[in-house]
Amino acid sequence: MRPDLIAHCEQQPLRLANPGHGIEKEGLRVATDGTLSLEPHPVALGSALTHPNITTDFCEAQLELITGVHGSVAACLEELDRVQRFVYSAIEPELLWPTSMPCMLGADSDIPLGQYGTTNMARAKTIYRSGLGVRYGRLMQTISGLHYNFSVPDAFWDSLAAANPAEDPRELRTRCYFDLIRNFRRQSWLLIYLFGASPAICRTFLGDREHTLERFDDGTLYLPEGTSLRMGPLGYQSDAQAALHVSYNSLGDYATTIVKALTQPHPPYREAGILRDGEYLQLNDSIIQIENEFYGAIRPKQPIQPGERPLLALKRRGVAYVEVRCLDLNPFEPLGISATDAHFIDTFLINCLLEESPPDNRAESEANSANQGLVVSAGRRSGLHLNRGGQQVALKEWADELLAQCARTAALLDAANDTNAHSEAVAAQRPKLHDPEQTPSGRVLTAMRDAGVPFFRFAMNRALAMQQDYLARPLSGAAFAEAERMAAESLTRRRELEQAPQAPFDEFLKDYLALSEETLA
């Protein structure tokens, strides 16, 4: 741990009060028979282009529910619950699929891309999704997860800047966020172990593809000791991106790699082509079409202004928050995440900030990836060892050490926020280390075995139970009216955008994809 930062927080605990929280929760709409919905995005939910809380991710049936930024876990989850209650009322009789891994999808070509309207930006969003399908297949893109956005309180940064007057405050904040990110990448395997909830898939998801999974039953493939297939080779992985070494030693180092990925053509993508019969298949043939295509368990983020590229926003204003992207949907939680989970993630992230964070290098990045792969495929295996600084260490031993560090950090957060929630959240993780079957992945397989059902039936039963619960808790009249107002307002906004003058699409796309000298510098 860094004694200077620990002392900094211990002297005035309120510096860690009210960190920022936001959640982006993905989930598939499915028909009453469990097949992927082929219905367009419901008009009752508003415009997927302009609604601040309800949009779609890859396909028309993949909802993405977005909260605002909140100073407490409770407020963040309360907003997500309100949004989800409105969604359930609007999509009935359809269901929300409660697991990260999909089921009953049909052919790859049957999955409809997200549609956002006729504006240039709307068309670009759909073409981007078409490109993802060309590159990775549409089936893979229907995998869903939960993205957890977190920002360290302004009071912490203000006091740290006052203690370091020789350093620019924005650069100091950005440097510390990259310290956090490097430690997160070293230790994110722990979150995959503790919260991974996708050890099994429907056989239909793989089709004829080669795999190393085992047979659970006629309809289910799984890894007996696995934790999160979503975070492994069957999930969000890219061979093209894997060849990149992304350094997180500074914003400059990170930006250099992202610019390379945005500007360097990838031969298979070039061979696929950008246009076919005058229609765009993908935005370009670069390693990544735009910044959002870059996969990673965590991202540095800065809110963008209209027309601004994410990388340019980072270079102009530094890092404002981090986005954690390695969390499966927990099928035992109606929101996909519990308050206890969230308080632990807060603690884990602050611990990554307070811990010493040496520079990274290619060898360490490869070791991080290998550790993630081991935990994905065999995290619940007794005696599993991971690579820590070139030395083999038992997962349980390393996890025990990390939880001990988190316990100290939790005490700081509890003191700052007048609660015991963080310490209780750390304590709640310990049984999972001593009994791997208490992890979400273990619980999923236990539930399937106990009920004698395949993965599809387990997930379908959970979907039906959640639907029943949500429909039994409708929004109040005022809250429902407000949700309807927001949906109608988003539709009006979309119509206004579509009625405004548009540049020729080819011209728009050229400008949209162009990287300014400021970005490239």
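Just so it is clear, the model here is predicted, and its values are computed rather than measured.

K.L.:
Hey, could you run me through the side chain of Glu293 in this one?
P.N.:
Counting through the fold element by element, Glu293 comes out in the loop between β10 (279-280) and β11 (298-301). For Glu293, a relative accessible area of 0% corresponds to the buried category. Once residues within four sequence positions are removed from consideration, Glu293 is found in contact with Tyr128, Leu132, Arg135, Tyr136, Gln241, Ile287, Ile288 and Arg299.

K.L.:
Please explain the pattern of salt bridges as it appears in this structure.
P.N.:
By the definition in use, this model includes 26 salt bridges. With a shortest N-O distance of 3.0 Å, Asp81 and Arg473 are connected by a salt bridge. Of this pair, Asp81 sits in helix α2 (residues 73-91) while Arg473 is found in the loop between α18 (455-471) and α19 (477-499), placing the two residues 392 residues apart along the sequence. A salt bridge links Asp400 to Arg430; the shortest N-O distance between them is 3.3 Å. Taken together, the residues Asp400 in helix α15 (residues 395-417) and Arg430 in helix α16 (residues 421-434) connect sequence positions 30 residues apart. Linked through salt bridges whose partners overlap, the residues forming this network are Asp81, Arg85, Asp469 and Arg473.

K.L.:
Just checking my understanding: could you explain helix α1 (residues 3-11) for this structure?
P.N.:
Looking only at α1, the buried set comprises Leu5, Ile6, His8 and Cys9. Taken down its axis, α1 places every buried residue within 160° of arc, on the same side. Among the exposed residues of α1, those oriented more than 90 degrees off its buried face are Pro3 and Gln11. Where α1 is buried, its residues meet α5 (154-163), α13 (339-354) and α15.

K.L.:
Help me understand the nonpolar core, please; the structure alone is not making it clear to me.
P.N.:
Note that soluble globular proteins tend to have their nonpolar side chains buried in a common cluster. Core analysis: the biggest nonpolar cluster contains 154 residues, and Tyr148, Phe184 and Phe344 have the highest contact counts within it. The biggest single contributor to this core is α15, with 10 residues. Setting aside its immediate chain neighbours within four residues, Phe184 contacts Leu191, Ala297, Ile298, Val324, Cys326, Phe348, Leu349 and Cys352.

K.L.:
When you look at empty space enclosed by the protein in this model, what are you seeing that I'm missing?
P.N.:
In this approach a probe as big as a water molecule rolls over the atoms, and the regions it shows empty are the leftover space. Per the stated rule, a full pass over the model turns up 3 cavities of 30 Å³ or more. Counted as a void, the largest cavity has a volume near 80 Å³. What lines the largest cavity is Leu146, Phe195, Leu327, Asp328, Asn330, Gly336, Ile337, Asp341, Ile345 and Pro440. Grouping the constituent residues of the lining of the largest cavity by class yields 6 nonpolar, 2 polar and 2 charged. Quantified by volume, the second largest cavity comes out at close to 70 Å³. Considering the residues around the second largest cavity, the lining is formed by Lys25, Gln84, Tyr88, Leu96, Trp97, Pro98, Leu329, Asn330, Glu333, Pro334, Gly336 and Met466. Among the residues forming the lining of the second largest cavity, the class breakdown is 7 nonpolar, 3 polar and 2 charged.

K.L.:
So what exactly am I meant to see when it comes to the state of the cysteines here?
P.N.:
A covalent bond between the sulfur atoms of two cysteines is what we call a disulfide. All chains considered together, the criterion is met by 1 disulfide. At a sulfur-sulfur separation of 1.6 Å, the disulfide partner of Cys103 is Cys202. Taking the torsion about the S-S bond as the criterion, the Cys103 to Cys202 disulfide, at about -75°, is left-handed. On the criterion of sequence distance, the pair formed by Cys103 in the loop between β4 (95-96) and α3 (120-136) and Cys202 in strand β6 (residues 200-202) is long-range, its members being 99 residues apart. Taken individually, Cys103 and Cys202 each receive the classification buried, so the pair is uniform in this respect. Cys326 carries a free sulfur, and the closest cysteine sulfur to it, the one in Cys352, is 10 Å from it. Cys352 supplies the cysteine sulfur nearest to Cys406, a cysteine that is in no disulfide, at a spacing of 7.4 Å. Accessibility expressed as a relative area gives 1% for Cys406, which makes it buried.

K.L.:
Explain unusual backbone geometry here, please?
P.N.:
Note on backbone geometry: most residues besides glycine have negative phi, and most peptide bonds are trans. In the segment running from Glu92 into Pro93, the intervening peptide bond is cis, with an omega of 15°. With respect to the helices and strands, Pro93 occurs in the loop between α2 and β4. Unlike most non-glycine residues, Asp277 shows phi in positive territory, near 55°. In this structure, Asp277 sits in the loop between β9 (275-276) and β10. Positioned with a positive phi, Asp418 is a non-glycine residue whose angle comes to about 55°.

K.L.:
Where do I start with the sheet that holds strand β8 (residues 220-222) in this structure?
P.N.:
Remark on secondary structure: sheet strands pair via backbone hydrogen bonds, oriented parallel or antiparallel. Across the sheet, 3 strands lie side by side as β6-β8-β7; this open sheet has antiparallel pairing. Only two strands of the sheet have a single partner each, and these edge strands are β6 and β7 (214-217). Direction aside, the axes of adjacent strands within the sheet are offset by 35° on average. Examined bridge by bridge, β7 and β8 share 3 bridges and lie antiparallel to one another. Of the residues in β8, the one forming a bridge with Arg215 is Leu221.

Cut-off values and rules
Residues numbered from 1 in each chain as written. Predicted model: local features only at pLDDT ≥ 70, side-chain atom pairs only at ≥ 80, totals over all residues. Heavy atoms only, no water. Helix = DSSP H or I, 4+ residues; strand = E, 2+ residues; numbered from the N terminus. Buried < 20%, exposed > 50% of the residue type's maximum accessible area, 1.4 Å probe, protein only. Contact = heavy atoms within 4.5 Å. Salt bridge = Lys/Arg side-chain N within 4 Å of Asp/Glu carboxyl O. Arc of directions from axis to C-beta. Core = buried A, V, L, I, M, F, W, Y, C linked by side-chain atoms within 4.5 Å. 1 Å grid on protein atoms, 1.4 Å probe; cavity = no way out; pocket = protein on both sides within 12 Å on 5 of 7 lines; lining within 4 Å. Points joined across faces, edges and corners; volume = space filled by probe spheres on them. Nonpolar A, V, L, I, M, F, W, Y, C, P; charged D, E, K, R; others polar. Disulfide = S-S within 2.5 Å. Pairing = 2+ DSSP bridges. Axes fitted to C-alpha atoms, helices over the stretch in contact; angles between N-to-C directions.

Nothing here speaks to function; it is geometry throughout.
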